[in-house]
Amino acid sequence: MHGGLAIAAATSLVVLNAGEGKSEVMYTLTTQCSLNSEPAKACIVEAVNEGQSTLYRHKIGGDVMTVRVRDQPVRMDLWSKESKAWTSLKRAEARFSTNTVCFNGTDLCVVNPNYLNSVLQNQTPAMKGRDHVMVHFGSDGRVDASCYDEGCDVVRK
């Protein structure tokens, strides 16, 4: 995977109980999360292997936000409690200097230094000297652009 795709695949965090099949909790992280640009609050992120997907459940107070990451091709979705359906993310991004991963701008952000440090270690050539990585998803949910640092200003236009 390229650096941007690796971020996309790992950036996701938390999913509601959706999908069938055997689930396996890969890890649980106690950290800080924020919703809709509000101040960060204590949260718990649970990464679950769910068949062909990885679900990331973000438990923030009484709210649960779930992100699903699928490979081949990489796709990321958000579970909607209202419609009881998955909707494709528009973008996912990581900022290494703050150890933060965000989805759809600042709709959902989470601090995850362990994950981001592993991305830096596993993607050394692609990530060397980089601070900001963003992945944009097309209308079909597939990655249609990835960028780094100042290049992300071009993708946002």
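Everything below is about the structure shown above.
Everything quoted here is computed from the prediction, not taken from an experiment.

Relative to the helices and strands, E50 is located in strand β2 (residues 41-50). Here E50 sits buried without a salt bridge, and the closest side chain of opposite charge, R57, lies 4.8 Å off (N-O distance). Of note is the side chain of E50, whose polar atom sits 2.3 Å from the side chain of S23.

Attention now moves to the sheet that holds strand β3 (residues 53-60). Remark on secondary structure: sheet strands pair via backbone hydrogen bonds, oriented parallel or antiparallel. Taking strand neighbours across the sheet as the criterion, the eleven strands line up as β6-β5-β4-β3-β2-β1-β9-β8-β7-β10-β11 in an open arrangement whose pairing is antiparallel. Each edge of the open sheet carries a strand with a single partner, namely β6 (85-88) and β11 (143-148). The mean inter-strand angle of the sheet, taken between neighbouring strand axes irrespective of direction, is 25°. Alignment of strand β8 (residues 100-103) against strand β9 (residues 108-111), held across four bridges, turns out to be antiparallel. Residue pairing in the sheet places C102 in a bridge with C109 of β9.

Two cysteines whose sulfur atoms are joined by a covalent bond form what is called a disulfide. One pass over the structure, following the stated rule, counts three disulfides. A sulfur-sulfur distance of 2.0 Å marks the disulfide that ties C33 to C43. Across the disulfide from C33 to C43, rotation about the S-S bond amounts to roughly 60°, and the bridge is consequently right-handed. Placement of the pair is C33 in strand β1 (residues 23-35) and C43 in strand β2, with a sequence separation of ten residues. Among the residues examined, C33 registers a relative accessible area of 1% and is labelled buried. C43 gets classed as buried once you look at its relative accessible area, which sits at 2%. Between C147 and C152 runs a disulfide, and the two sulfur atoms are separated by 2.3 Å.

What follows covers helix α2 (residues 113-122). Taken as a whole, α2 has its buried residues at Y115, L116 and V119. Projected onto a plane normal to the axis of α2, the buried residues spread over an arc of 95° and lie on a single side. Looking at α2, the residues exposed on the side facing more than 90 degrees away from the buried face are N114 and Q121. For α2, the N-terminal capping position is held by N112, with its side-chain oxygen 3.1 Å away from the main-chain nitrogen of Y115.

Take the pattern of salt bridges next. Per the counting criterion, the structure on display carries six salt bridges. R68 is the partner of D77 in a salt bridge, and the nearest nitrogen-oxygen pair spans 2.9 Å. With relative accessibility at 3%, the residue D77 sits in the buried group. Across the pair D131 and R95 runs a salt bridge whose closest N-O atoms are separated by 3.2 Å. Of the two residues, D131 is situated in the loop between α3 (124-127) and β10 (132-137) and R95 in strand β7 (residues 91-95); the sequence distance between them amounts to 36 residues. By sharing partners, the salt bridges in this structure join R68, R70 and D77 into a single network.

This brings us to the pairing of strand β5 (residues 75-80). On a regular strand, each side chain points to the face opposite its neighbour's, so the side chains alternate between the two faces of the sheet. Counting buried positions along β5 yields five of six residues, so the element is predominantly enclosed. As judged from the four bridges shared by strand β4 (residues 63-70) and β5, these two strands associate in the antiparallel manner. Each residue of the ladder has a partner; that of R70, found in β5, is R75. Turn length for the β4-β5 hairpin, with the two strands adjacent in sequence and antiparallel, is four residues, and the turn residue Q72 shows positive phi of about 55°. Pairing analysis gives four bridges linking β5 to β6, with the strands arranged antiparallel. Within β6, the residue paired with D77 across the bridge is S88. Linking β5 back to β6 in an antiparallel pair, the connection comprises four residues, with K84 at a positive phi of about 55°.

Cut-offs used in this document
- Along every chain, residues carry numbers that run from 1 in the direction the sequence is written.
- Where local features are concerned, this predicted model is filtered to residues with pLDDT of at least 70; where side-chain atom pairs are given and counted, the filter is 80 or more; whole-chain, interface and lining totals use all residues.
- Hydrogens and water are ignored here; the side-chain numbers use all heavy atoms of the structure.
- Strands are runs of DSSP state E lasting at least 2 residues, helices are runs of H or I lasting at least 4, and numbering of each runs from the N terminus.
- With a 1.4 Å probe rolled over the protein chains alone, any residue whose accessible area is under 20% of its type maximum counts as buried; one over 50% counts as exposed, and the rest are partly exposed.
- His is not counted, nor are the chain ends; Lys and Arg add positive charge and Asp and Glu add negative charge.
- Definition used for salt bridges: Asp or Glu carboxyl oxygen within 4 Å of a side-chain nitrogen of Lys or Arg.
- The definition of a polar contact used here is a pair of N or O atoms within 3.5 Å, where within protein one atom must be able to donate a hydrogen and the other to accept one, and adjacent residues in sequence count solely through side-chain atom pairs.
- DSSP bridges decide pairing: two strands pair if at least two such bridges lie between them.
- Convention adopted: a line fitted to C-alpha atoms gives each axis, helices being fitted over their contacting stretch, and angles between N-to-C directions are expressed from 0 to 180 degrees.
- Two cysteine sulfur atoms form a disulfide, by the criterion used here, when they sit within 2.5 Å.
- By construction, the arc corresponds to the directions joining the helix axis to the C-beta atoms.

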